[in-house]
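Chain by chain, the residues:
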Amino acid sequence: MDHRLKKEKQFSYVYRRGKKNHTDHLTLFSVESKFRNYRIGYAISKKIGKANKRNKLKRRLREIVRKSEWPKNFHNYVIVAKVGATEIEYKDLQKQVKNLFDKANQK
RNA sequence: UCAGUCAAACUUGUGGUCGCGGUUUGCUUGUAAAAGCAAAAUGAGGAAAGUCCGGGCAUCAAAAGACGGAGUGCCGGCUAACGACCGGUGGAGGCGACUCUAAGGAAAGUGCAACAGAAAUAAACCGCCCGCAAGGGUAAGGAUGGAAAGGUGAGGCAAGAGCUUACCGGAAAGGUGGAAACAUCUUUCGUCACUGUAAACCCCACUCGAUGCAAGUUUAAGCGAAGACAAUGUGCUGUCUUUCACGUCUUCCAAAAGCAACGCUUGAGCCUAUUGGCAACAUUAGGCCUAGAUAGAUGACCACAUGACACAGAACUCGGCUUAUGUUUGACUGAAUUU
RNA sequence: GGAGACGUAUCGAAGUGGUCGCAACGAGCUUGACUCGAAAUCAAGUUGUCGGUUUACCCCGGCACGUGGGUUCGAAUCCCACCGUCUCCG
């Protein structure tokens, strides 16, 4: 099952309709999906860093989501990185992601 | 020991747990295309970057020439090619190791040289000298400037001046060395005036068709419709000509927008040795196959090695350049101290 | 991935070798006039920073046209290398 969000149309739909949640270094957009599946896209702009740093951040986020044990609703998500997200520790990042999903799933 | 110059190498490794990309093999499902599971080996760089040069490759039907435009610019070599590289020459810098150098032509022509200064490529303001004066001689000294008709000393003169002479510089001719750039020597020239700028136009020599893998090909399906110009037409996209080829272009509709494939990785490839060459590089022999993604594959955790900590991520591909950056090693130079 | 363009006061923008950019011109800002008050209009002024001088202002000088080199007597302008911003493509 493919959990990736790929098309630019899908991203802009989530930005437009999604609910926002923030932490210090991340923003999560979430919106209900019509499929019985969840999909996540990662948006990391050029402001964040050079290509290798952006790549690494994306991998870490993907790893965190893969290993996570909290329940995921059938939503479409977009995780947007803020400036400074490449500098923080893996465990710190993990906490922030968990926090975001907890908030999003409560509502 | 301190300060410095040049060159070279490496860019974690091994084992374990979970996870990702393509490849191969096996099994399962499926009419097929393909999908799923398992195993194995394998999976970013020295700069992958900037895109500053040069090739391969692809398309423009094929080919040749002229003009325009762009680039290069001491000499020779190397190369697929280059503005790169190697060796040498001249010049500049450094005590030195060594480094830097867009380094053809200003006597083919044109342009420009503000301000200052008497005068800017042309000479006479102040001055000096002759002369009663008119006028004439002169360019030593003055001031300006980036630049003022070789420089310094001596002689000479009415005062001066290559006017004469010594040295330095310059030009021409010839000899010698060198493959050449050039070096060096000899002789002659004082009629030895002709500044700078070509990273101003330009001249000379050499090179270059244009567009870039988002090139382009296939799946692919329409002898669709309308219009324009039609052999005086169209054709490699700066312009033109010749050969040559052929109908060409625009709009609309249908289909398609890649969550399809090919291009896409075996290549001027890498490693080791040999031979030629001062070297760049080339020859020969043997061995090796080493990423091909498409929202874009390498991450997380643990152990050991003192311990993994800089810059940084392939996107058709190769040769350079430039910029960013960690560690280590070698050779050499200068200074100080000790033996 | 590839191909291009542009960086000059607070902002837009001219200048494309020569008396320091009196930084043109426009907008903005400040002050004054007009008005009961404001807007509009009219007039005047207005780059930054460092140093000197000064209680302070005035005044004087240096550096700045994205940054750093080079060519030239002289560079915002010509050449080279970097930095930043923006646009285009099947």
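Residues numbered from 1 in each chain as written. Chains lettered and ligands numbered in written order. Predicted model: local features only at pLDDT ≥ 70, side-chain atom pairs only at ≥ 80, totals over all residues. Heavy atoms only, no water.

1. Considerations on the overall build of chain A
Move 1: Secondary structure summary: chain A contains 3 helices and 4 strands in total.
Move 2: Its helices and strands in sequence order give chain A the pattern α-β-β-β-α-β-α, from N to C terminus.
Move 3: Within chain A, buried positions represent 43% of all 107 residues.
Move 4: Taking the intrachain contacts of chain A between residues at least 6 apart in sequence as the baseline, contacts between residues at least 24 apart amount to 80%.
Move 5: Of the roughly 7300 Å² of accessible surface on chain A, 48% is carried by carbon and sulfur atoms. (Helix = DSSP H or I, 4+ residues; strand = E, 2+ residues; numbered from the N terminus. Buried < 20%, exposed > 50% of the residue type's maximum accessible area, 1.4 Å probe, protein only. Contact = heavy atoms within 4.5 Å. Areas by Shrake-Rupley, 256 points an atom, 1.4 Å probe, with all protein chains shown as cover.)

2. Overview of the confidence of the model for chain A
Move 1: Averaged over all residues, the pLDDT of chain A equals 79, while 90% of them reach at least 70.
Move 2: Ranking the elements of chain A by mean pLDDT puts helix H1 (residues 8-17) last with 76 and strand S1 (residues 19-22) first with 85.
Move 3: Quick note on the complex model: pTM equals 0.78, ipTM equals 0.78. (pLDDT = per-residue confidence, 0-100.)

3. Digging into the nonpolar core
Nonpolar side chains in soluble globular proteins tend to be buried together.
Move 1: With 21 residues, the main nonpolar core has Leu26, Ile40, Leu57, Leu61 and Ile79 as its most contacted residues.
Move 2: The set of elements that each furnish at least two residues to this core consists of strand S2 (26-32), strand S3 (39-43), helix H2 (51-67), strand S4 (75-81) and helix H3 (90-106).
Move 3: Among the elements that take part in this core, H3 stands out by supplying 5 residues, more than any other.
Move 4: With residues up to four places along the chain from it excluded, the contact list for Leu57 reads Ile44, Ile48, Ala81, Ala85, Thr86 and Leu93.
Move 5: Phe29, Val31, Ala43 and Val78 belong to the second largest nonpolar core, which has 7 residues in total. (Core = buried A, V, L, I, M, F, W, Y, C linked by side-chain atoms within 4.5 Å.)

4. Some points on the protein's contact with RNA strand B
Move 1: Arg4, Asn52, Arg59, Arg62 and Glu63 are the nearest of the 19 residues found near RNA strand B.
Move 2: Among the atoms of RNA strand B close to the protein, meaning within 4 Å, 51% are from sugar or phosphate groups.
Move 3: The side chain of Glu63 places a nitrogen or oxygen atom 2.7 Å from a base nitrogen of RNA strand B.
Move 4: For the surface near RNA strand B, the elements supplying multiple residues, two or more each, are H1 and H2.
Move 5: At 11 residues, the largest contribution of residues to the surface near RNA strand B is made by H2.
Move 6: Residue composition of the surface near RNA strand B, by class: 4 nonpolar, 2 polar and 13 charged. (Near = heavy atom within 4 Å. Polar contact = N/O pair within 3.5 Å; in protein donor to acceptor, adjacent residues only side chain to side chain. Nonpolar A, V, L, I, M, F, W, Y, C, P; charged D, E, K, R; others polar.)

5. Comments concerning the environment of Phe29
Move 1: Examined against the element boundaries, Phe29 turns out to sit in strand S2.
Move 2: Expressed as a C-alpha distance, the spacing of Phe29 and Lys58, which sit 29 residues apart in the sequence, is 16 Å.
Move 3: Residues contacting Phe29, with those up to four places away along its chain left out, are Val14, Tyr15, Lys19, Lys20, Asn76, Tyr77, Val78 and Val80.

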